[in-house]
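One-letter residues, chain by chain:
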Amino acid sequence: MARNKHPEETVNLILDVAFRLFMEQGYEHTSIQDIIDNLGGLSKGAIYHHFKSKEEILVAVTDRMTAESNRLLAEIRDRSGINGREKLKVIFKESIFRPVQDDIFTVAPNLSNNPRLLFSIFRETIYEAAPKYILPIIKEGVADGSIQTEYPAELAELIILAANVWMNPMIFDDSVEEANRKFMVFRQMMQGFGLDVIDEEMLDRLGELAEIYQKNR
């Protein structure tokens, strides 16, 4: 009865529990029954009323994880008064300085042990974040002269993959020193494209997040 009157509450509860279990024991090692056992009395029917499979739950969990980030990207993409290169800098700065990042890096597992969740994040990065948010900014930068490239789509994918995947210590379990070296290479790469958008404050913050992650392993 409760799930019919308050379906959003039921969905949020399922996703909260699934996210915690995926983080603690991995997607592959979490069963539908595990989720049911942690729902405080809700039945298997409550899950299947909203989700056809564990895979659908994973997609919903990933969508919720990226929703806030995508709202930020959309707001910066559509911001007026700054050029394309400046928008890229704002994206990096505001993304890494969000207070929620401390919580994420504190509780996050090594995603290499969570291949299905990792692939879901990878898919979202390539098919959502790159074309919908980064590519329009690069095209705007090409048009206003602040970014020089003949391959805007490929550059958008390269930037977002390097930032979200290659530099992510949750995926490669990089030490703080290894993470800092990647950050420096990323900065040099961006400068090579004429995009001096990573400053010392950002590098310090990235190192801080890497330390938070490693401290809680």
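Anyway, here's the lowdown on the structure attached to this text. Here the structure is a predicted model, which means the values were calculated and not measured.

Rules and cut-offs
Residues numbered from 1 in each chain as written. Predicted model: local features only at pLDDT ≥ 70, side-chain atom pairs only at ≥ 80, totals over all residues. Heavy atoms only, no water. Helix = DSSP H or I, 4+ residues; strand = E, 2+ residues; numbered from the N terminus. Expected span 1.5 Å × (residues − 1). Buried < 20%, exposed > 50% of the residue type's maximum accessible area, 1.4 Å probe, protein only. Arc of directions from axis to C-beta. Contact = heavy atoms within 4.5 Å. Axes fitted to C-alpha atoms, helices over the stretch in contact; angles between N-to-C directions. Parallel < 35°, antiparallel > 145°, perpendicular 65-115°, else oblique. Left-handed = near helix turned anticlockwise from the far one by under 90°. Nonpolar A, V, L, I, M, F, W, Y, C, P; charged D, E, K, R; others polar. Salt bridge = Lys/Arg side-chain N within 4 Å of Asp/Glu carboxyl O. Patch = residues over 30% accessible without salt bridge, like charges linked within 9 Å, V, L, I, M, F, W, Y side chains within 5 Å. Areas by Shrake-Rupley, 256 points an atom, 1.4 Å probe, with all protein chains shown as cover.

For helix α11 (residues 176–192), which comprises 17 residues, the first-to-last C-alpha distance of 24 Å matches the rise-based estimate of 24 Å (1.5 Å per residue) to within 8%. Within α11, burial applies to A179, K182, F183, F186, R187 and M190. Take α11 and look down its axis: the buried residues cluster within an arc of 140°, on one side only. In α11, the exposed positions that point more than 90 degrees away from the buried face belong to E177, Q188 and G192. Residues of α11 that are buried in the fold lie against α6 (84–96), α9 (152–166), α10 (169–172) and α12 (200–215).

What follows is about the packing of helix α5 (residues 54–77) against α6. Two elements in contact, α5 and α6, have axes separated by 10 Å at closest approach and are oriented at 150°. With respect to each other, α5 and α6 are oriented roughly antiparallel. Considering the relative orientation of α5 and α6, their crossing is right-handed. Of α6, the residues touching α5 (which contributes L72, L73, I76 and R77) are K87, V90, I91, E94 and S95. Tallied by class, residues from the contact of α5 with α6 come to five nonpolar, one polar and three charged.

Here we come to the pattern of salt bridges. Under the criterion given, the structure shown has 13 salt bridges. Between R79 and E94 there is a salt bridge whose closest N-O contact spans 3.6 Å. Note that R79 is positioned in the loop between α5 and α6 and E94 in helix α6, a separation of 15 residues in sequence. The exposure class of R79 is partly exposed, given its relative accessible area of 26%. Across the pair E200 and R187 runs a salt bridge whose closest N-O atoms are separated by 2.6 Å. A residue pair is termed long-range when its members are at least 10 positions apart, and E200 in helix α12 and R187 in helix α11 qualify at 13 residues. Several salt bridges share partner residues, and in doing so they unite E75, R79 and E94 into one network.

Right, let's get into a nonpolar patch on the surface. Where nonpolar side chains cluster on the molecular surface, the patch consists of W166, F172 and V185 and spans about 270 Å² of accessible area. Inspection of the secondary structure puts W166 in helix α9. What makes W166 partly exposed here is its relative accessible area of 34%.

One can describe the packing of α9 onto α11 by two numbers: an axis separation of 11 Å at closest approach and a directional angle of 170°. By the angle class used here, α9 and α11 are roughly antiparallel. Listed contacts from α11 to L158, I159, A162, A163 and W166 of α9 are K182, V185, F186, M189 and M190. Class assignment of the residues belonging to the contact of α9 with α11 gives a composition of nine nonpolar, no polar and one charged.

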